[in-house]
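# Residue-level structural notes
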Protein chains: 4
Amino acid sequence: MSDFRIRGVVPPVVTPDTPDHELDVPSFERLINRMIEAGVDGLFFLGSSGEVVFSTDERRDQIVREAVRIVDGRVPVLVGIIDTETERAIAHGKRAIALGADALVATAPFYALGTMADVERHFRILHDELDAPLFAYDIPVCVHTKLPWKLLAKLGAEGVLAGVKDSSGDDISFRYLCQENERLGHPMSILTGHEIVVDGAYLSGADGSVPGLANVEPYGYVRMWQAAQAGDWATAKAEQDKLNELSHIFDVTTGVAGYGGGVGAFKTALMLMGVFSSNTMPRPVAELEGANVEAIRKVLVDCGVI
Amino acid sequence: MSDFRIRGVVPPVVTPDTPDHELDVPSFERLINRMIEAGVDGLFFLGSSGEVVFSTDERRDQIVREAVRIVDGRVPVLVGIIDTETERAIAHGKRAIALGADALVATAPFYALGTMADVERHFRILHDELDAPLFAYDIPVCVHTKLPWKLLAKLGAEGVLAGVKDSSGDDISFRYLCQENERLGHPMSILTGHEIVVDGAYLSGADGSVPGLANVEPYGYVRMWQAAQAGDWATAKAEQDKLNELSHIFDVTTGVAGYGGGVGAFKTALMLMGVFSSNTMPRPVAELEGANVEAIRKVLVDCGVI
Amino acid sequence: MSDFRIRGVVPPVVTPDTPDHELDVPSFERLINRMIEAGVDGLFFLGSSGEVVFSTDERRDQIVREAVRIVDGRVPVLVGIIDTETERAIAHGKRAIALGADALVATAPFYALGTMADVERHFRILHDELDAPLFAYDIPVCVHTKLPWKLLAKLGAEGVLAGVKDSSGDDISFRYLCQENERLGHPMSILTGHEIVVDGAYLSGADGSVPGLANVEPYGYVRMWQAAQAGDWATAKAEQDKLNELSHIFDVTTGVAGYGGGVGAFKTALMLMGVFSSNTMPRPVAELEGANVEAIRKVLVDCGVI
Amino acid sequence: MSDFRIRGVVPPVVTPDTPDHELDVPSFERLINRMIEAGVDGLFFLGSSGEVVFSTDERRDQIVREAVRIVDGRVPVLVGIIDTETERAIAHGKRAIALGADALVATAPFYALGTMADVERHFRILHDELDAPLFAYDIPVCVHTKLPWKLLAKLGAEGVLAGVKDSSGDDISFRYLCQENERLGHPMSILTGHEIVVDGAYLSGADGSVPGLANVEPYGYVRMWQAAQAGDWATAKAEQDKLNELSHIFDVTTGVAGYGGGVGAFKTALMLMGVFSSNTMPRPVAELEGANVEAIRKVLVDCGVI
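Described below are features of the structure shown in this document. Being a predicted model, the structure only gives us computed values, none of them experimental. (Residues numbered from 1 in each chain as written. Chains lettered and ligands numbered in written order. Predicted model: local features only at pLDDT ≥ 70, side-chain atom pairs only at ≥ 80, totals over all residues. Heavy atoms only, no water.)

### Notes on the overall build of chain A
Note the threshold: In DSSP terms, a helix is any run of H or I states spanning at least four residues, a strand is any run of E spanning at least two, and both are numbered starting from the N terminus. The globule rule is 2.2 Å times the number of residues to the power 0.38, and the radius of gyration it is compared with is taken over C-alpha atoms. Exposed residues in this analysis have more than 50% of their type's maximum accessible area, buried residues have under 20%, and partly exposed residues fall in between, with area computed by a 1.4 Å probe over protein chains only.
When helices and strands are counted, chain A shows 12 helices and 8 strands. Relative to the compact-globule value of 19 Å for 306 residues, chain A shows a C-alpha radius of gyration of 18 Å, a close match. By principal-axis analysis of the C-alpha atoms, chain A measures approximately 50 × 45 × 35 Å. Looking at chain A as a whole, 67% of its 306 residues are labelled buried.

What follows is the structure, encoded as structure tokens:
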């Protein structure tokens, strides 16, 4: 069983780009420092919204290097080692460990799918070859495999996995996983990767959350976690409801979809708030413009964020 | 419009591994030489069945280097630059060109999906930044985006794409693409990536094929192409029917699926035929064993291949 | 805006069959009376688990007739009018109203899909032609259309829909729907159709639940609803956790899937509990047998149900 | 093994509606007579494009009754008995036989899915209870189950199925089915349900086709069949290519999708050609209007149809 434990709010950090597609280090510093000052319990770099799959290996390394430098030990640094298959994920993991990552986060294999036995071997090999706590990242919308809760619980009990980041959108499977993890002595940290029903995930027994929207509004997520910890579910729900009003930055835009709509909204909000210097997206994704920016500005104003 | 033209049989080359997961160069030489001697018109390395997504960058480079050395100019060398998003594909493309690739093959972005405008920009950027003929690889089962035939035809007419490798399984869209490409003056080489209804794809107007099964039986595919070129469709169909009997190596196994079942069957057949020294699969996929090997042997014997 | 309001626990009633595939009326009476005595707030007949799509029109009528007779006004009777397209659903609705249904429940059209404008017209026509409160049944796993929460909220505000039964498995969309319904003055009764995270749905603002597992254990669902109403979320969670242990009747079987596994488990449990006389399934589904029955018996014993 | 054999072109007949949603019998007569005069080999009523799932039982009966009357024995009449599950399909089948159907066409169960054993039992029960030749209709886009070719071949060899109408879009599975049916002594009539690559399906060994576009242009499909029978594949391809130009009536419209776009285009073309009196669609689908009608008119003019 892994010794690494993490609880609370662990935002997946959005990666800012300069207009010519370099890492925007000053914006990155502002974003990270703001979230740590708000009281988050950890930070997850190179997640799906952290441009991991858009970044060359050199860029991935630069992001981890700057992240470790800026965070400077204030909270644990989790790093995504997301790539198509095992050997490629191992290569990323070795570099991330060398650069100072506290824990690694890996998805199931993707592009070339196989059996669940292949998926199980994948996580076992990563655990064997990488000397760092390993989180399974359950994100079927990207990798097209749902990690079964029984497999995750087994790998947790055996010490292969230190935790799970669940972005599956399957609240039933998540509940079963929490109950089974509890039954097994709670070997894993189970984090919901969603942001809209985090109160419900906490009620289900989650150890924490990885909400992308916390890049924009970390304070509310910290307060919700504290309320849930205190058993004050009415306050937790009220905080979630407020955050959900802000989350309409996702659905007030038109003509965009997927990454450009979701992470594009985060970057645009952070630009309008003065945290980011631009809302540049990684190629081939276009940044939000014109009426879409104004629609997001209106949400931010209505919610009192700017 | 691109000057690069390719017609005929262009097998996607299976990559042999040693039992300790190194590139098995002698097996690779036997496989490549056998296909060229059978009369194939080109070879496609680092395709989906060529372990592209299982291979680290170093292994990818080694495969291309050895491929170029072994082929030695006898047929064109196409190289897959398959990765999640644009910048990563560019990096692969630059290295492949430096190592001697004649043409590059790229999929739509995957893992993080967006709009079709993102997909179009992706191919335009690859064309702009990579000084080699570019093929679009339409493989929705792996990337979860179907490339629309109208977009492909437009990019062909503008010279962005030199061709298309269609592994979409959508014979209707393929037919429309062939007819539209013809109407536009035939700017692209359109290759079917399937192996079971290649005669039908030729009848639909395909310029060639990329059949994985040609790793095992290149002669039949070469004869089918020659028959189709001569308008002898009865012979083309008869050759396809015979190849399809051999293709049951895919469905006589049990307990395997996806890559392990498909490429695993190729590797096992090639091992039983003495072309490969082992049927080792890339991690985390297990190689076929026991009754599965015997079932494949029976198909090979029944078809007179061994 | 509709006057019909329903809150609390509204189980979707499982339909018992005799071994020769007739409606088993005595078992039906035992099941219905047991749930009403446990304190449920309504009953939903001819839902997905009520064999609606397996039943001829004559059988559907028989089920509604017997249901209305047995319930005898003790709780509201909701009836599913599930069929492929509008005219067929209207025909079912007219007969259900004539037989005494208090409210009707309709899915989106299925088999032949179209645009969301078609779906919207479908519900508007049903509302216009059927003189009974109308619930939208959101069940994409069966009909392959997800009803957008913005559309549902609009139809609720206009009085087309009296409520929503959400079996979509999309807890995010469900939360947005609850918040928007509240913002609009709460025109609709919003019921979760799930059974495993009902506590979370209540925390999200649901007006009630339609849990299939309440056929087996209505008491726990009634207690959970009362706890949630009282703001006692710790008790609500504890009740849900206990119910979830019982829900493993779904996953201890082997070789079955879908309807045979889910409703088959309900019927087998009810047979073992003495509520049903047999666990016969509608054709073409086979009933659970042998080791599967014993596995379900063990869950019931472990949970203290028998 | 069934005695019923059918070969050649068997169009799925589009059902014309009056503006007030009644069956438009004069248009129906014109359509049927025109196709029979063009030389089709059979007619399939109440298929997916024949409004089967939009029609009440009374309307279904009316369509079959009129169809049998108009056809008057000139070609075989196949009738779809499409409904969610076994008992409902049996009820439709008994009525269709009584009304004079020569053969019945049934899909896999839908809405409530289960195992492939359930699907197999479904077809066996239909065969046992219905005294008419039975065709399996493989249409996963509507029923969300793909019928495996090995199952179909087995049911054909045992005499359960007289044939298959394949609208699966899976040309690989179709080829395997044709080869296996041949190996087993050709017990079944295998018909492709597609219209765009019918030449390829014939080359694969199909016994015929069920092309919706033959409602608009039956002559080309009849000529293609005759050419294929004569081994004149160049002519077959040329006929298909011409038909495909006409098929752009499907993709010149905007703002429509699914049934409204596909069958809507057929009805609009037939209206413009004077075969139908209106292009009314069944509720809740809207008919094509304005620019969409003009776009279809242009295709018809360009193709010389009007």
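### A look at the state of the cysteines
Where two cysteines share a covalent bond between their sulfur atoms, that bond is called a disulfide. Stated precisely, the cut-off is as follows: Here, two cysteine sulfur atoms that lie within 2.5 Å of each other are counted as a disulfide.
Here the structure, examined in full by the defined rule, presents 0 disulfides over all chains. Its sulfur unpaired, C178 of chain C is 19 Å from the next cysteine sulfur, which belongs to C303 of chain A.

### Things to note about the interface of chain B and chain D
Filter applied, for reference: Should any heavy atoms of two residues lie within 4.5 Å, those residues are counted as being in contact. Defined in terms of a 1.4 Å probe, buried area is the accessible area two parts forfeit on being brought together, summed over both. One side-chain nitrogen of Lys or Arg within 4 Å of one carboxyl oxygen of Asp or Glu is enough to make a salt bridge.
Across the boundary between the two partners, chain B contributes 26 residues, which contact 25 residues of chain D. For the chain B and chain D pair, buried surface summed over both sides reaches about 2,400 Å², with 54% attributable to carbon and sulfur atoms. Ranking the residues of chain B by area buried against chain D places R175, Y176 and L203 of chain B at the top, with a combined share of 26%. Joining chain B to chain D, the criterion identifies 6 salt bridges.

### Observations regarding the packing of helix α9 (residues 218-229) of chain D against helix α10 (residues 233-246) of chain D
Residue and element names in this part refer to chain D. What counts here: Fitted lines through C-alpha atoms serve as axes, helices being fitted only where they are in contact, and the angles separating the N-to-C directions of these axes extend from 0 to 180 degrees. Angles below 35 degrees are treated as roughly parallel, those above 145 as roughly antiparallel, those between 65 and 115 as roughly perpendicular, and all remaining angles as oblique. Each helix crossing is assigned a hand: it is left-handed if the near helix lies turned anticlockwise from the far helix by less than a right angle, otherwise right-handed if that turn is clockwise. Any residue outside Ala, Val, Leu, Ile, Met, Phe, Trp, Tyr, Cys, Pro, Asp, Glu, Lys and Arg is labelled polar, Gly included; the first ten of those are nonpolar and the last four are charged.
It is at 8 Å that the axes of α9 and α10 come closest, and there the two elements cross at 160°. Judged by the angle between their axes, α9 and α10 are roughly antiparallel. The two elements α9 and α10 cross, and the hand of that crossing is left-handed. Touching G220, Y221, R223, M224, A227 and A228 of α9 are W233, T235, A236, E239, Q240, K242 and L243, all from α10. Along the lines of polarity and charge, the residues of the contact of α9 with α10 split into 7 nonpolar, 3 polar and 3 charged.

### Observations concerning the pairing of strand β6 (residues 163-166) of chain B
Residue and element names in this part refer to chain B. We apply this condition: Strand pairing requires that DSSP identify at least two bridges connecting the strands. Here, the term right-handed applies to a crossover whose path from the first strand over the helix to the second runs clockwise when the strands point away from the viewer.
Burial along β6 is two-sided: G163 and K165 facing one way and V164 and D166 facing the other are all buried. Strand direction decides the pairing type here: β6 and strand β7 (residues 189-192), joined by 4 bridges, are parallel. Of the residues in β7, the one forming a bridge with V164 is I190. One crossover worth recording links β6 to the parallel β7 by way of helix α7 (residues 171-183), and it is right-handed.

### Focus: the pattern of salt bridges
Tallied over the entire structure, the rule returns 108 salt bridges over all chains. D241 of chain B serves as the salt-bridge partner of R175 of chain D, at 3.0 Å between the closest nitrogen and oxygen. Placement of the pair is R175 of chain D in helix α7 (residues 171-183) and D241 of chain B in helix α10 (residues 233-246), with the two residues belonging to separate chains. An identical accessibility class is assigned to R175 of chain D and D241 of chain B; each is buried. In this structure, the salt-bridge partner of R223 of chain C is E217 of chain C, at a minimum N-O distance of 3.9 Å. The class for E217 of chain C is buried, based on a relative accessible area of 14%.

### Digging into helix α7 (residues 171-183) of chain C
Residues and elements named next belong to chain C. So the rule is basically this: A helix is expected to span 1.5 Å multiplied by its residue count minus one. Two N or O atoms form a polar contact when they lie within 3.5 Å of each other; inside protein one atom must be a possible hydrogen donor and the other a possible acceptor, and for residues adjacent in sequence the pair counts only when both atoms belong to side chains.
Along its 13 residues, α7 runs 18 Å from first to last C-alpha, staying within 8% of the 18 Å computed at 1.5 Å per residue. Counting buried positions along α7 gives 10 out of 13 residues, so the element sits mostly inside the fold. Residue D170 occupies the N-cap position of α7, its side-chain oxygen lying 3.1 Å from the main-chain nitrogen of I172. Just past α7, the residue G185 takes up positive phi, approximately 100°.

### Some thoughts on the relation of the copies chain B and chain A
For clarity, the threshold we go by: What sets the superposition is a least-squares fit of C-alpha atoms, and only residues with pLDDT of at least 70 in both copies go into it.
The transformation that overlays chain B on chain A combines an axial shift of 0.0 Å with a rotation of 180°, and the residual RMSD is 0.0 Å. In the structure described here, the two chain copies are related by an operation that fits a two-fold rotation axis.

### A look at the interface of chain B and chain A
In this assembly, 43 residues from chain B lie in contact with 43 residues from chain A. Interface area for chain B against chain A, summed over the two sides, is near 3,400 Å², with a carbon-plus-sulfur share of 57%. Its largest share of buried area at the contact with chain A, chain B owes to R88, Y111 and R283 of chain B, together 27% of the area lost on that side. Where chain B packs against chain A, one counts 8 salt bridges. Among the salt bridges present, the one from R283 of chain B reaches E129 of chain A, with a minimum N-O distance of 3.0 Å. Run the count over chain B and chain A and you get 19 residue pairs in polar contact (both at pLDDT 80 or more). Of the residues that constitute the side of chain B that touches chain A, the class distribution is 20 nonpolar, 13 polar and 10 charged.

### Here's the deal with the sheet that holds strand β1 (residues 8-9) of chain A
Each strand in a sheet pairs with another by means of backbone hydrogen bonds, the pair being arranged parallel or else antiparallel. All names here are of chain A. Here we have 8 strands laid out as an open sheet, ordered β1-β8-β7-β6-β5-β4-β3-β2, and parallel in their pairing. Strands with a single pairing partner mark the edges of an open sheet, and in this sheet they are β1 and β2 (43-45). Two elements, strand β4 (residues 103-107) and strand β5 (residues 134-138), share 4 bridges in a ladder whose sense is parallel. Bridge assignment links L104 to a residue of β5, and that residue is L134.

### Description of the side chain of D17 of chain B
Residues and elements named next belong to chain B. By the element assignment, D17 lies in the loop between β1 (8-9) and α1 (25-38). In this structure D17 comes out as buried when scored by relative accessible area, which is 3%. Side-chain polar atoms of D17 contact the side chain of K267, separated by 3.0 Å. Sequence-distant contacts of D17, defined by excluding residues within four places in its chain, comprise E22, D24, E51, R59, K267, S278, T280, M281 and P282.

### Comments concerning the environment of E195 of chain C
Residues and elements named next belong to chain C. Inspection of the secondary structure assignment puts E195 in the loop between β7 (189-192) and α8 (198-204). Put simply, E195 and N244 are 49 residues apart on the chain and 8.3 Å apart in space, counted from C-alpha to C-alpha. Every residue in contact with E195, bar those within four places of it in the chain, is listed here: P211, G212, L213, Y221, Q240, N244, F250 and F266. A polar contact of 3.0 Å, which involves the side chain of E195, links it to the backbone nitrogen of G212.

### Considerations on the relation of the copies chain B and chain D
With an RMSD of 0.0 Å, chain B superimposes on chain D once it is rotated by 180° and translated 0.0 Å along the axis. A share of 96% of interface residues in chain B that are also interface residues in chain D marks the association as one of identical surfaces.

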